[in-house]
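What follows is each chain in one-letter form.
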There are 2 protein chains.
Amino acid sequence: MMTIAELKRLVDQYLAKHLAADCDQATLYSSMRYSLMAGGKRLRPTLTLAVAHALGQELDENVQRAACAVELLHTYSLIHDDLPAMDNDDLRRFLPTNHRRFGAGMATLAGDGLLTLAFQWVSENDLPVEVRLKLVQLLSEAAGPAGMVAGQAMDIHYEGTQLPLAQLKKLHAKKTGALLKYSVLAGGVIAQASEQTCQLLGQFGAHYGLAFQIYDDLMDVIGSEAKMGKAVHKDADEQKNTYPSLVGVEGTKKALDQALSAARDDQQQLIASGVGDFKLLDDFLAYFQY
Amino acid sequence: MMTIAELKRLVDQYLAKHLAADCDQATLYSSMRYSLMAGGKRLRPTLTLAVAHALGQELDENVQRAACAVELLHTYSLIHDDLPAMDNDDLRRFLPTNHRRFGAGMATLAGDGLLTLAFQWVSENDLPVEVRLKLVQLLSEAAGPAGMVAGQAMDIHYEGTQLPLAQLKKLHAKKTGALLKYSVLAGGVIAQASEQTCQLLGQFGAHYGLAFQIYDDLMDVIGSEAKMGKAVHKDADEQKNTYPSLVGVEGTKKALDQALSAARDDQQQLIASGVGDFKLLDDFLAYFQY
């Protein structure tokens, strides 16, 4: 079996090598590349590759292309989220944010370009037609106005208004959860897993996505700028709805443990089903150290 | 045969009825709907329906959905183009621009939502799997960082620098032409026309798209705000590259006539091929009055 580090390297290499071919304006390309290659954990495409790998799928360039699309999409969401009109952030992954480097107009276009290119990459490869179409459908639902974009809009709309926990869960499920769930599920779709397996993968992805956003909330409170590579303590300043603001730091740690425990149960079911080597998911679950 | 006005009505009705189902945040939905339902000619989806209709395709709700996706995408491009970070326009279709009404943050998200939803609409309908996948591919290429977004980036990048005519043609082909060409071609793809017919449709679409942008340039000089529903004389103020700035008003009219004449030749070839009733395209060509 390949390790997570090896899978991540496939992602880094694919992105570095193939972005240029689909861009046709030098500044736009520089701006897209700047944010795409600024590093980062590559969590989403690595999850996709890991799940496909666990299911025995060969990870050729077609699979890599389909898997890396979600990183294009994730990067667009960070660029737009950082814009002066949105969170107005200056620092991302230890570097000036895209608009600080290229201006807000070009940053807007870089985001638009990455978002659109994501659909090109999932649709233009040699995977079976049904697989590619399914990925387009799932990705557009996860990222669109009933998914991630709705989560962003809720985030803005409810700034300064304290949400009940159920609503906060919904916000998190859309803002961050939907794309992480997609990333897990996409591995199953690419490997043409059964409906039952995809169901379990979706469940794991949803719990994992919730854990991820709770952890992100927590780190904004107890993490440091030096460790995170971006401003911290911003949520409270902007009166964002977060787990710590609603249930305190200890309550947040408890909620994180619960979400992780649910994800581990899903993983156990996946392992028990015998269709793939889902021990590989251990490393993703070990990420949440506090 | 249906008239262009009847086809446009199908588009207006479909958009009015079906946007809500795919949005899940009230302000976001209002913002997306505000720009989508602000009127407009519905030129792009009407072209798609007209070509499909000319080829004998039944225009049921699945076809309407696939065709209307390009209007979602076009509307996103207008919203982002109007943003303070881009053209900073206050007026669009006789109404305050989206960010003047909802703020730049929500306008950015409304654009992101419409762009993503376009891919949902072309992929989630009952057309054959191959047709849907082809539409995703063509739309992402036309709208992405080698198409429309590249054109926008060129437009910003070359402000204040006079381009040679060949470069200006390339800019126009990307900025406006690519999506209009897509709109024509999509009708052929939906009706599962032959490769030869699609080739001719693409050629017609490219010439038509060029004529459209030349006309737009011309109207910015000789049109009025009252007629256009948006600010005019902006191109010169912003030192944009346009036909009038490069070849003067008379030269622009001549270039427009040439592009239209080429489009008419393509139309004649389509008619002569006998595969559809392409007289229907007459009304689209009659649009360019000056």
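Because the structure is a prediction, the values reported are computed rather than measured.

### Overview of the relation of the copies chain B and chain A
- Each copy of the sequence occupies a distinct position, and chain B is placed on chain A by a rotation of 180° and an axial shift of 0.0 Å, giving an RMSD of 0.0 Å. Taken together, the rotation angle and the small translation identify this as a two-fold axis. Closest approach to the rotation axis among the C-alpha atoms of chain B is made by B:Leu133, whose C-alpha sits 2.9 Å away.
- Both copies contact each other with a shared surface, as 100% of the interface residues of chain B are interface residues in chain A too.

### What about the interface of chain B and chain A?
- Taken together, the 47 residues of chain B in the interface contact 47 residues of chain A.
- There are four salt bridges connecting chain B and chain A.
- Of the charged contacts in the structure, one is a salt bridge between A:Lys170 and B:Asp24, with a shortest N-O distance of 3.7 Å.
- Run the count over chain B and chain A and you get ten residue pairs in polar contact (both at pLDDT 80 or more).

### With respect to the pattern of salt bridges
- Inspection of the entire model under this criterion finds 30 salt bridges over all chains.
- With a closest N to O distance of 3.4 Å, A:Asp90 and A:Arg100 form a salt bridge. In this pair, A:Asp90 is assigned in the loop between helix H4 (61-82) and strand E1 (91-92) and A:Arg100 in helix H5 (residues 98-102), connecting sequence segments ten residues apart.
- Residue A:Asp90 is classed as partly exposed on the basis of its relative accessible area of 43%.
- In this structure, B:Asp24 engages A:Lys174 in a salt bridge whose closest nitrogen and oxygen atoms are separated by 2.7 Å. Taken together, the residues span two chains, with B:Asp24 in the loop between helix H1 (4-18) and helix H2 (26-36) and A:Lys174 in helix H9 (residues 165-190).
- Of the residues examined, B:Asp24 reaches a relative accessible area of 30% and is grouped as partly exposed.
- By relative accessible area, A:Lys174 is classed as buried at 12%.

### A few points about the packing of aromatic side chains
- All chains considered together, the criterion is met by 18 aromatic pairs over all chains.
- Residues A:Tyr34 and A:Phe102 carry aromatic rings whose centres are separated by 5.5 Å and whose planes lie at 70° to one another, so their mutual orientation is edge-to-face. Placement of A:Tyr34 in helix H2 (residues 26-36) and of A:Phe102 in helix H5 is noted, with a sequence separation of 68 residues between them. With respect to burial, A:Tyr34 and A:Phe102 carry one shared label: buried.
- Residues A:Phe204 and A:Tyr208 carry aromatic rings whose centres are separated by 5.8 Å and whose planes lie at 20° to one another, so their mutual orientation is stacked. With a gap of four residues between them, A:Phe204 and A:Tyr208 both fall in helix H10 (residues 195-222), about one helical turn apart. Accessibility assignment for this pair places A:Phe204 and A:Tyr208 in one class, buried.
- Here a set of aromatic residues connected by ring pairs shows up, and it is made of A:Phe204, A:Tyr208, A:Phe212, A:Tyr215, A:Tyr287 and A:Phe288.
- The cationic tip of A:Arg44 hangs over the ring face of A:Phe212; the distance from NZ or CZ to the ring centre is 5.5 Å.
- Above the face of the B:Tyr34 ring, B:Arg101 is positioned so that its terminal group lies 5.8 Å from the ring centre.

Conventions adopted
Position numbers for residues count from 1 along each chain, tracking the sequence in the order it is written. Each chain gets a letter, beginning with A, and each ligand a number, beginning with 1, in the order they are written. Predicted model: local features are reported for residues with pLDDT of at least 70 only, side-chain atom pairs are reported and counted for 80 or more only, and whole-chain, interface and lining totals are derived from all residues. Water and hydrogen atoms were dropped before computing side-chain values, which therefore reflect all heavy atoms in the structure. Residues reaching a pLDDT of at least 70 in both copies supply the C-alpha atoms on which the copies are superposed by least squares. Two residues form a contact once any of their heavy atoms are found within 4.5 Å. A pair is scored as a salt bridge if a Lys or Arg side-chain nitrogen falls within 4 Å of a carboxyl oxygen belonging to Asp or Glu. Polar contact criterion, stated in full: a pair of N or O atoms within 3.5 Å, where within protein one must be able to donate a hydrogen and the other to accept it, and residues adjacent in sequence count only if both atoms are side-chain atoms. Per the convention used, a helix needs a DSSP run of H or I reaching at least four residues, while a strand needs a run of E reaching at least two, with both numbered from the N terminus. With a 1.4 Å probe rolled over the protein chains alone, any residue whose accessible area is under 20% of its type maximum counts as buried; one over 50% counts as exposed, and the rest are partly exposed. Here a pair means two rings of Phe, Tyr or Trp (six-membered ring of Trp) with centres within 6.5 Å. Their orientation is stacked below 30 degrees between planes, edge-to-face above 60, and tilted elsewhere. In this analysis the charged atom, NZ for Lys or CZ for Arg, is taken to sit over a ring once it is within 6 Å of the ring centre and within 35 degrees of the ring normal.

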